[in-house]
Amino acid sequence: MARGLRWKFLILIILFLGAIYLIYPSLRLYSMDAGQLAALSEETRASLKEKSLRLGLDLQGGMHLILELDRSQLKEGEVDDAMDRAMEILSNRIDQFGVSEPIIQQQGDDRIVVQLPGLLDKERAVQLIGQTALLEFKLVKTEAEAIQVLERVDRSVARILRPAVADSLDTLGVKSFNPILDLIPRYPQTFIGGVLIPDDSVDDLQRIFKEVNIDSLVPRDAMLSLGTEEFNLGDGSTGQILYVLNKRTELTGAVVKNARMDVGLNQNAPNAPGVELTLDRDGTRIFRRVSGANVGKQLAIVLDGKVRSAPVFRERIPNGVASITGSFTDEQARDLAIILRAGALPAEVHIIEERTVGPSLGRDSIRQGVQAGLLGGLLVVLFIIIYYRVSGILAVMALCLNLLFLFAVLAGLRGTLTLPGIAGIVLTIGMAVDANVLVFERIREELRTGKTVSQAVRSGYARALTTILDANLTTLISAVVLFNFGTGPIKGFAITLMIGIIANVYTAVFVTRLFFDVVLSRRRLENLSI
């Protein structure tokens, strides 16, 4: 074999082995059933998925959401900026959530389309995406201040509601009417920064707050907020704390530099998960000042209007580290850390459309796609082998290499295979067959003119090369345009088409020519099976 052929053959072997290396994790992953996959260690499973070709929403199932930004909270001219920020924040949240190949696109002026392949946990996804995540740090009123505020609010509420229930009160002989205080069984006893409301009274309290527009009745420097953590009332029942907070916000989530899930943040529950916050330089300076000036007081950590925790300043805290504790699961604490790292949405978003594509539908798509591909591929292979005989076998080998290289590059790029992507692969196969037909017909023409096999092969490839390059180049340009200006599924189609075209030119022109040259370098053929 000539030295040039050896180098070409060596390069082909290297590319072949490299492709096998890249595609092996995908072959291993998708050949396993659920039981075999579950038997792997978490680390091995994560590594295998990371190195494997990903399947899109239409093939593996997942969630499709359409979100609408609440424009009522925004001023005129703020919508565009709010949409840009919402898109960026949602992207950060979903990226940190670990969803592979999500699609996040703006639709119209105030809607966002979100597709999450492989994610079927509806409640978790909605919580992660829909939470505004406005984080505020507010001082809790002292016990005396809290009682003063609650009694004032109770009197105001009673004045509003009493006319509506006056007849009932007179009938029952009730002289005093305390709509708020009557819901607090241990009043005026306070409980770590607030008063305990039994769970069965929480709905009544919220109904009253809504009916009387409670914010208009609370003193200007105060606000009322329910906590999210449940406490035991001692009689077997549980309740939530109604906190009385300073209206003024000492810090916001904008100063949070990092947030991470951790355990042991609450001394009373050392095994409970929570979220540790690290503040930036400005946040640390403010936190140091606030903690130093309020030793012995509580600082409420308020997320979207609800108190998550209210730790006490035991001393001045110089390092700018705070923690959120409460009734979290590991998963909830981890998601909260993600949301806080990504930042708060500029306005509320409402989910107006929600669809879940089940994995069974994806499996059906894969099964039907594989069946169609095998049937179509088999017919193509039979045609080539019957029509071009031994040369057709060489073309089939090149076609197999083409598909191997295409899937290997997709896996290497951590690409996502979708149904439109499969359509791109099918088109690639057609172009590969077309290229081989062009070459073989040119070789036949050269043989009919009386040239030797070696001369006919050389001339056939030379004459077909320009046509093949023209056809593939124009298609490649179209694919590049689709990739740049298309979205979602169109990009998937364009990517597989681009990779397939490049692999096609290499296998159909150079690899099949290499096969012919290797054979012709070893023996002199009088006739060519073509």
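Scoring rules and cut-offs
- Residues numbered from 1 in each chain as written.
- Predicted model: local features only at pLDDT ≥ 70, side-chain atom pairs only at ≥ 80, totals over all residues.
- Heavy atoms only, no water.
- Helix = DSSP H or I, 4+ residues; strand = E, 2+ residues; numbered from the N terminus.
- Rg over C-alpha atoms; globule rule 2.2 N^0.38 Å.
- Buried < 20%, exposed > 50% of the residue type's maximum accessible area, 1.4 Å probe, protein only.
- Contact = heavy atoms within 4.5 Å.
- Areas by Shrake-Rupley, 256 points an atom, 1.4 Å probe, with all protein chains shown as cover.
- Lys, Arg positive; Asp, Glu negative; His and termini not counted.
- Charge placed at Lys NZ, Arg CZ, Asp CG, Glu CD.
- Axes fitted to C-alpha atoms, helices over the stretch in contact; angles between N-to-C directions.
- Parallel < 35°, antiparallel > 145°, perpendicular 65-115°, else oblique.
- Left-handed = near helix turned anticlockwise from the far one by under 90°.
- Nonpolar A, V, L, I, M, F, W, Y, C, P; charged D, E, K, R; others polar.
- UniProt positions renumbered as here; feature names shortened; annotations may be inferred.
- Pairing = 2+ DSSP bridges.

Some remarks on the overall build of the chain
Link 1 in the chain: A tally of regular secondary structure across the chain gives 14 helices and 16 strands.
Link 2 in the chain: Relative to a compact globule of 530 residues, whose C-alpha radius of gyration would be 24 Å, the chain shows 34 Å and is clearly more extended.
Link 3 in the chain: If you line up the chain on its principal axes, its C-alpha atoms span 120 × 50 × 50 Å.
Link 4 in the chain: Classification of the 530 residues of the chain by burial places 44% in the buried group.
Link 5 in the chain: A fraction of 71% describes how many contacts in the chain between residues 6 or more apart in sequence connect residues 24 or more apart.
Link 6 in the chain: Taken as a whole, the chain presents about 28000 Å² of accessible surface, with 55% of it coming from carbon and sulfur.
Link 7 in the chain: Of the charged side chains in the chain, 57 are positive and 58 negative; the average position of the first set lies 11 Å away from that of the second.

Some words on the packing of helix 1 (residues 3-31) against helix 3 (residues 42-51)
Link 1 in the chain: Contact pair helix 1 / helix 3: the axes reach a minimum separation of 8 Å and the direction vectors enclose 120°. Taken as axis vectors, helix 1 and helix 3 run oblique relative to one another. Crossing geometry of helix 1 relative to helix 3 is assigned as left-handed. Facing helix 1, whose interface residues are Leu22, Pro25, Ser26, Arg28 and Leu29, helix 3 presents Leu48, Lys49 and Lys51.
Link 2 in the chain: Residues that form the contact of helix 1 with helix 3 fall into these classes: four nonpolar, one polar and three charged.

Things to note about unusual backbone geometry
Link 1 in the chain: One non-glycine residue, Asn213, adopts positive backbone phi at about 55°.
Link 2 in the chain: Within the secondary structure layout, Asn213 lies in the loop between helix 8 (199-212) and strand 7 (222-232).
Link 3 in the chain: Given a relative accessible area of 47%, Asn213 falls into the partly exposed group.
Link 4 in the chain: Of note in the backbone geometry, Arg389 takes a positive phi value of approximately 55° without being a glycine.
Link 5 in the chain: By secondary structure assignment, the location of Arg389 is in helix 11 (residues 359-412).

Description of the UniProt feature "transmembrane region" (unreviewed entry) in the chain
Link 1 in the chain: The sites that carry the UniProt feature "transmembrane region" (unreviewed entry) are, in the present numbering, residues 7-24, 369-388, 393-413, 419-440, 461-486 and 492-516.
Link 2 in the chain: Taken end to end, residues 7-24 has its terminal C-alpha atoms 26 Å apart, with 100% of it in helix and 0% in strand.
Link 3 in the chain: For residues 393-413, the helix share is 95%, the strand share is 0%, and the end-to-end C-alpha distance is 30 Å.

Focus: the sheet that holds strand 14 (residues 321-324)
Link 1 in the chain: Spatially, 10-11-14 is the arrangement adopted by the three strands of the open sheet, whose pairing is antiparallel. Each having just a single partner strand, strand 10 (256-263) and strand 14 make up the two edges of the open sheet. Ignoring which end each strand starts from, the neighbouring axes of this sheet average 25° apart.
Link 2 in the chain: Where strand 11 (residues 273-279) lies against strand 14, four bridges are found, and the strand directions are antiparallel. Residue pairing in the sheet places Thr278 in a bridge with Val321 of strand 14.
Link 3 in the chain: This element, helix 9 (residues 281-293), spans strand 11 and strand 14 of the sheet and lies at about 105° to strand 11.
Link 4 in the chain: On the sheet, helix 10 (residues 330-342) packs against strand 10, strand 11 and strand 14 and is oriented at approximately 175° with respect to strand 10.

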